[in-house]
Amino acid sequence: MKATYGDAASYQYATIYAQWGDARKSLEWLATALRVRDPGLYYVKTDPLLDPLRKEPRFQAIERALKLPD
């Protein structure tokens, strides 16, 4: 997947790592998604695949940076 899509699939990588329980890697990919403006970030507030990260300060900072409506 990485060989084909590179950073363009950053959001999807983040969800995969979140589900695998690797918060550090997931948050790194979310930061990359923010940097490349991955369209998947539109779902960051509601995507259940990211639920394991919701209490993480770095995750909350990314949510704030997106300025998505409640």
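Small disclaimer: the values here were computed from a predicted structure and weren't measured.

### Comments concerning the pattern of salt bridges
Taken as a whole, this structure holds three salt bridges when the rule is applied. For Asp51, the salt bridge is made with Arg54, and the minimal N-O distance between the two is 2.8 Å. Using a relative accessible area of 43% as the deciding quantity, one classes Asp51 as partly exposed. Residue Arg54 is classed as partly exposed on the basis of its relative accessible area, which comes to 21%. For Glu63, the salt bridge goes to Arg54, with nearest N and O atoms at 3.8 Å. Residue classification places Glu63 among the buried positions, given a relative accessible area of 19%. In the salt-bridge network here, residues are joined through shared partners; they are Asp51, Arg54 and Glu63.

### Some points on the packing of aromatic side chains
As enumerated under the stated definition, the model contains three aromatic pairs in all. Judged by centre distance (4.5 Å) and plane angle (65°), the ring pair of Tyr13 and Trp29 falls under edge-to-face. On the criterion of sequence distance, the pair formed by Tyr13 in helix H2 (residues 10-19) and Trp29 in helix H3 (residues 23-36) is long-range, its members being 16 residues apart. Summarising the aromatic geometry, the rings of Tyr17 and Trp20 are spaced 5.5 Å apart at their centres and angled 85° between planes, so their arrangement reads as edge-to-face. A residue is classified by how much of its surface remains accessible, and Tyr17, at 14% relative accessible area, is buried. By relative accessible area, which is 65% here, Trp20 ends up exposed.

Each value, and the rule that gives it
Residues numbered from 1 in each chain as written. Predicted model: local features only at pLDDT ≥ 70, side-chain atom pairs only at ≥ 80, totals over all residues. Heavy atoms only, no water. Salt bridge = Lys/Arg side-chain N within 4 Å of Asp/Glu carboxyl O. Buried < 20%, exposed > 50% of the residue type's maximum accessible area, 1.4 Å probe, protein only. Phe/Tyr/Trp six-rings, centres within 6.5 Å; stacked < 30°, edge-to-face > 60°. Helix = DSSP H or I, 4+ residues; strand = E, 2+ residues; numbered from the N terminus.

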